[in-house]
Number of protein chains: 2
Amino acid sequence: MPQQPPTITDVAREAGVSKGLVSFALNDRPGVSAETRARILEVARELGWTPSLRARSLSTGRSFACGLVLGRSPDVIAADPFFHSFIAGLEDEFSMSGQVLVLAVATPGRQESETYRGLAVDKRVDGVIVTDLRAHDPRLELVDRLGLAAVTLGVPDAETPFSSVSVDDGAGIHAAVRHLSDLGHRRIAHIAGPDGMLHARTRRQAFESAAAEFGLVAASVETDFSAAEGAAATGALLDGDAPPTAIVYSNDHMAIAGLGVARRRGLSVPGDLSITGYDDTEIGRYVNPALTSVATDAREWGRVAARTLLGAIEGHDAVNVRLNEPTLTVRESTGPAPTDTRGDRRDR
Amino acid sequence: MPQQPPTITDVAREAGVSKGLVSFALNDRPGVSAETRARILEVARELGWTPSLRARSLSTGRSFACGLVLGRSPDVIAADPFFHSFIAGLEDEFSMSGQVLVLAVATPGRQESETYRGLAVDKRVDGVIVTDLRAHDPRLELVDRLGLAAVTLGVPDAETPFSSVSVDDGAGIHAAVRHLSDLGHRRIAHIAGPDGMLHARTRRQAFESAAAEFGLVAASVETDFSAAEGAAATGALLDGDAPPTAIVYSNDHMAIAGLGVARRRGLSVPGDLSITGYDDTEIGRYVNPALTSVATDAREWGRVAARTLLGAIEGHDAVNVRLNEPTLTVRESTGPAPTDTRGDRRDR
DNA sequence: TTGTATGCGTTATCAT
DNA sequence: ATGATAACGCATACAA
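What you are looking at is a predicted structure, and each value in this text was computed from that prediction instead of being measured.

> Describe the overall build of chain A, naming the residues involved and giving the relevant values.
The secondary structure content of chain A amounts to 13 helices and twelve strands. For chain A, whose C-alpha radius of gyration is 26 Å, the value lies well above the compact-globule estimate of 20 Å for 348 residues. Seen through its principal axes, chain A has C-alpha atoms that stretch 95 × 40 × 35 Å. Here chain A holds 348 residues, and the buried ones make up 54% of them. Summarising the internal contacts of chain A: among those between residues at least 6 apart in sequence, 70% fall at separations of at least 24. Here chain A displays about 14,800 Å² of accessible surface, and carbon together with sulfur accounts for 50% of that area. Of note, chain A has its 36 positive side-chain charges centred 2 Å away from the centre of its 46 negative side-chain charges.

The following block contains the structure:
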């Protein structure tokens, strides 16, 4: 007959105590004499007993799972290498503590709020990681009302009861602008993500303040982070009266699309136009010219976010963790500003 | 006081029956009179009772979750838009049946077999989707031994007790080769994925047989699907005695890297070299020239895979589902073969 | 056709 | 201080 795995009852019987006491011994709770505890643990070891996750889940109300809701448009998210590394980082921690990562995808047919609610029903997850923070993000109140623990990636623009883990996106953009300024560029532009997304806004603001700091003529264009809009924005900028000599993109994906646009117009990169990306994707290193880009340690971000969320689930106080600054890797897509006749006369 | 949600006991008491009967009525099991069943369901509706997932999970041994293990190297997978669309498709089905998707990532520090085992311990998932099938894939025996239900993406090269959902990768490659043949190309090459991966092998074999069918001189190079190896393989081919006039890549990522290599050598695409990708990524449409590519309906694949897996979990017989053929989208990266002096004399 | 007992780990309550 | 007991929520084998 198929040997059933041992249960707490087997251990209790073998050790000559009650089920409750076995549980107390296992969980290091007071009220068990050292001697009894040792005997119980020894019996458990002999029998090879480990408590059933499902039974624990029933009696504690915990699911031992954490949720990640992806809400961006498919095209944009699919190309974002951030998520795979980030998820690997989450798993580095979760797999060590017996947690599991539940992935949910919000689509046009399945609203984001519905997706969160679905995870909260029956407490399918103990907590969630909230990414791509938006202005006055309605998800934060929702998650709070649903009774889920949470950690946000980036600092929200309002008070929340949640912990946050963030990197200084602004520092990465600042480094890119300084690099371009050092190369002699005077008219630069930023192709930003949606201003309603906090990290996109942070990058835009950092771009504008860095441009001011270095005395540059600057313009920003808002996009949805997609290659399509990145290409369109690039075209619009190059069609302007005084086109920029350098463009700082808010992701590699748009930068590569921008590269295509520049080439179609016969512009040399970086001869006529310098380009910087963000994310430092693998493919960015193999296009021609190889992309100068800003990199964040996504895996470490995932590890820290997971640890922070687990702390929150265990009832720790909210904390705001700040990670190392992103770094700029200079490759071939940035070079000295062209020395043509057009001065830096106009803003737009 | 915080009103507790109603339990099966409340329903039983209110309906004047036992807990067991409520359970039978809810699950449409025989042995309950139509009249009693109706009364029980009515009471349940009035009380707003829904059975506790955790209690169900404990008593049935099901977890109401399915697992997806990602095992490819981070760089490759991150750039693969297939997965996001595929996952969205999985969720289309899972979210409708109260299932949840558990994502696990195998990394150099956490072997694939360990990852599967982690999902099987305590039956954290009822079944798994096995992607990127390999030759004599050891995961299939492992999954079987772990007692998990499973569905494979693609048809394994050995008998398994599992269902499969597949697309005819070969048809996509065949279409690409025919397209190139029609354009007059006679020396073509294929930059393939690892031959140990069944879909990569299928594509290579389809390439070779299509090349033979059209009387072309063909060469294949094996890579790991990464941009780095795609670039290296492209360089090696172009350095050969009789370089190909067209290259069929096994993914867009490598095709874009190959484009970079060609450009660095001053080759015009498609003037001197035609290029086709696979996956039809968004970014491929915005590089210059825009990529001719083969597309699969990944979301539909996900939906069908989810349905098939749920069937397997419920004990249905194994089935082998075949999806629609992939389609070739012609853009700018393919054109007439160059009419230079070199004949099609040599193979590789 | 319907009721009962059992299983799973945790914890509130009770008994030494 | 130390330990036992019962209840929780659901499904199901079995008894009636």
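> Requested: an account of the sheet that holds strand β9 (residues 274-278) of chain B, with residues and values cited.
Strands belonging to one sheet form pairs held by backbone hydrogen bonds; the direction of such a pair is parallel or antiparallel. Residue and element names in this part refer to chain B. One open sheet accounts for six strands, arranged β7-β6-β8-β9-β10-β12; its pairing is mixed. Both outer strands of the open sheet, β7 (217-222) and β12 (327-329), are each paired with one neighbouring strand and no more. Here the average twist between neighbouring strands, direction ignored, is 20°. Alignment of strand β6 (residues 187-192) against strand β8 (residues 246-249), held across four bridges, turns out to be parallel. Note that in β8 the partner of isoleucine 191 across the bridge is tyrosine 249. Packed onto the sheet, helix α12 (residues 252-264) meets β6, β8, β9 and β10 (292-295) and runs at close to 155° relative to β9.

> Mind laying out the packing of aromatic side chains, listing which residues take part and the relevant values?
Across all of its chains, the model carries six aromatic pairs over all chains by this definition. With 5.3 Å between their ring centres and 85° between their planes, A:Phe82 and A:Phe83 make a pair best called edge-to-face. The class of A:Phe82 is buried, set by a relative accessible area of 16%. Centre to centre, the rings of B:Phe82 and B:Trp301 are 5.4 Å apart; their planes meet at 75°, and the pair counts as edge-to-face. Taken together, the residues span a long stretch of sequence, with B:Phe82 in helix α6 (residues 81-94) and B:Trp301 in helix α13 (residues 298-313) at a distance of 219 residues. Its guanidinium or amino end placed over the ring of A:Phe24, A:Arg29 lies 4.8 Å from that ring's centre, counting from NZ or CZ.

> Describe in detail the protein's contact with DNA strand C, supporting the description with residues and values.
For DNA strand C, the set of nearby residues contains 24 residues, the closest of which are A:Ile8, A:Trp49, A:Ser59, B:Gly31 and B:Leu58. Counting only atoms of DNA strand C within 4 Å of the protein, the fraction found in sugar and phosphate groups is 67%. A:Trp49 places a side-chain nitrogen or oxygen 2.9 Å from a phosphate oxygen of DNA strand C. At 3.1 Å from a phosphate oxygen of DNA strand C is found a side-chain nitrogen or oxygen belonging to B:Thr36. Of all the secondary-structure elements, those providing two or more residues to the surface near DNA strand C are α2 (19-26) and α4 (53-60) of chain A together with α4 (53-60) of chain B. The class makeup of the residues in the surface near DNA strand C is nine nonpolar, twelve polar and three charged.

> Tell me about unusual backbone geometry, residues and numbers included.
At the junction of A:Asn288 and A:Pro289, the peptide bond is cis and its omega measures out at 0° in the coordinates. Mapped onto the elements, A:Pro289 comes out in the loop between β9 (274-278) and β10 (292-295). With a phi angle near 60°, B:Asp122 is a residue other than glycine that sits in the positive phi range. Among the structural elements, B:Asp122 can be located in the loop between α7 (112-120) and β3 (127-130). A positive phi angle, near 55°, is found at B:Asp280, a position not held by glycine. Examined against the element boundaries, B:Asp280 turns out to sit in the loop between β9 and β10.

> Any details on the interface of chain B and chain A? Residues and values, ideally.
Taken together, the contact pairs 57 residues of chain B with 57 residues of chain A. When the two sides are added together, the surface that chain B and chain A hide from each other amounts to roughly 4,800 Å², 54% of it contributed by carbon and sulfur. The largest per-residue losses of area from chain B upon contact with chain A belong to B:Arg54, B:His84 and B:Arg124, which jointly make up 17% of the total buried on that side. Put simply, chain B and chain A have four salt bridges between them. The partner of B:Arg264 in a salt bridge is A:Glu332, and the shortest N-O contact between them spans 3.1 Å. Linking chain B with chain A are 34 residue pairs in polar contact (both at pLDDT 80 or more), by the criterion used here. Looking at the side of chain B that touches chain A, the elements with two or more residues in it are α4, β1 (65-70), α5 (74-78), α6, β2 (100-105), α11 (227-239) and α12 of chain B. Broken down by class, the residue content of the side of chain B that touches chain A amounts to 30 nonpolar, twelve polar and 15 charged. In this sheet, β2(B) lies alongside strand β2 (residues 100-105) of chain A in antiparallel orientation, the contact comprising three bridges. Residue A:Val102 lies in a different strand from β2(B), and its bridge partner there is B:Val102.

> Residue-level account of the sheet that holds strand β12 (residues 327-329) of chain A, with values.
Residue and element names in this part refer to chain A. The six strands are arranged β7-β6-β8-β9-β10-β12 in an open sheet whose pairing can be described as mixed. On the outer flanks of this sheet lie β7 (217-222) and β12, each paired with one strand and no other. Neighbouring strand axes in the sheet, compared pairwise and without regard to direction, differ in orientation by 20° on average. Here β9 pairs with β10 via three bridges, running parallel. For glycine 277, the partnering residue across the bridge sits in β10 and is serine 293. Strands in contact with helix α12 (residues 252-264) are β6 (187-192), β8 (246-249), β9 and β10; relative to β9, the strand with the most contacts, it is inclined by about 155°.

> Talk me through the protein's contact with DNA strand D; I want residue IDs and the actual numbers.
In the region of DNA strand D, 27 residues are neighbours, and A:Thr36, A:Leu58, B:Ile8, B:Ser52 and B:Leu58 sit closest. For DNA strand D, the fraction of atoms within 4 Å of the protein that belong to sugar or phosphate moieties is 72%. In this structure, a phosphate oxygen belonging to DNA strand D sits 2.9 Å away from a main-chain N or O atom of A:Ser33. Interatomic distance of 2.4 Å between a backbone N/O atom of B:Ile8 and a phosphate oxygen of DNA strand D. Contributing elements (two or more residues each) for the surface near DNA strand D: α2 of chain A together with α2 (19-26) and α4 of chain B. It is α4(B) that contributes the most residues to the surface near DNA strand D, five residues altogether.

The rules we used
- Residues numbered from 1 in each chain as written.
- Chains lettered and ligands numbered in written order.
- Predicted model: local features only at pLDDT ≥ 70, side-chain atom pairs only at ≥ 80, totals over all residues.
- Heavy atoms only, no water.
- Helix = DSSP H or I, 4+ residues; strand = E, 2+ residues; numbered from the N terminus.
- Rg over C-alpha atoms; globule rule 2.2 N^0.38 Å.
- Buried < 20%, exposed > 50% of the residue type's maximum accessible area, 1.4 Å probe, protein only.
- Contact = heavy atoms within 4.5 Å.
- Areas by Shrake-Rupley, 256 points an atom, 1.4 Å probe, with all protein chains shown as cover.
- Lys, Arg positive; Asp, Glu negative; His and termini not counted.
- Charge placed at Lys NZ, Arg CZ, Asp CG, Glu CD.
- Pairing = 2+ DSSP bridges.
- Axes fitted to C-alpha atoms, helices over the stretch in contact; angles between N-to-C directions.
- Phe/Tyr/Trp six-rings, centres within 6.5 Å; stacked < 30°, edge-to-face > 60°.
- Lys NZ or Arg CZ within 6 Å of the ring centre and 35° of its normal.
- Near = heavy atom within 4 Å.
- Polar contact = N/O pair within 3.5 Å; in protein donor to acceptor, adjacent residues only side chain to side chain.
- Nonpolar A, V, L, I, M, F, W, Y, C, P; charged D, E, K, R; others polar.
- Buried area = accessible area lost by both parts, 1.4 Å probe.
- Salt bridge = Lys/Arg side-chain N within 4 Å of Asp/Glu carboxyl O.

Function cannot be inferred from these measures alone, as they are strictly geometric.
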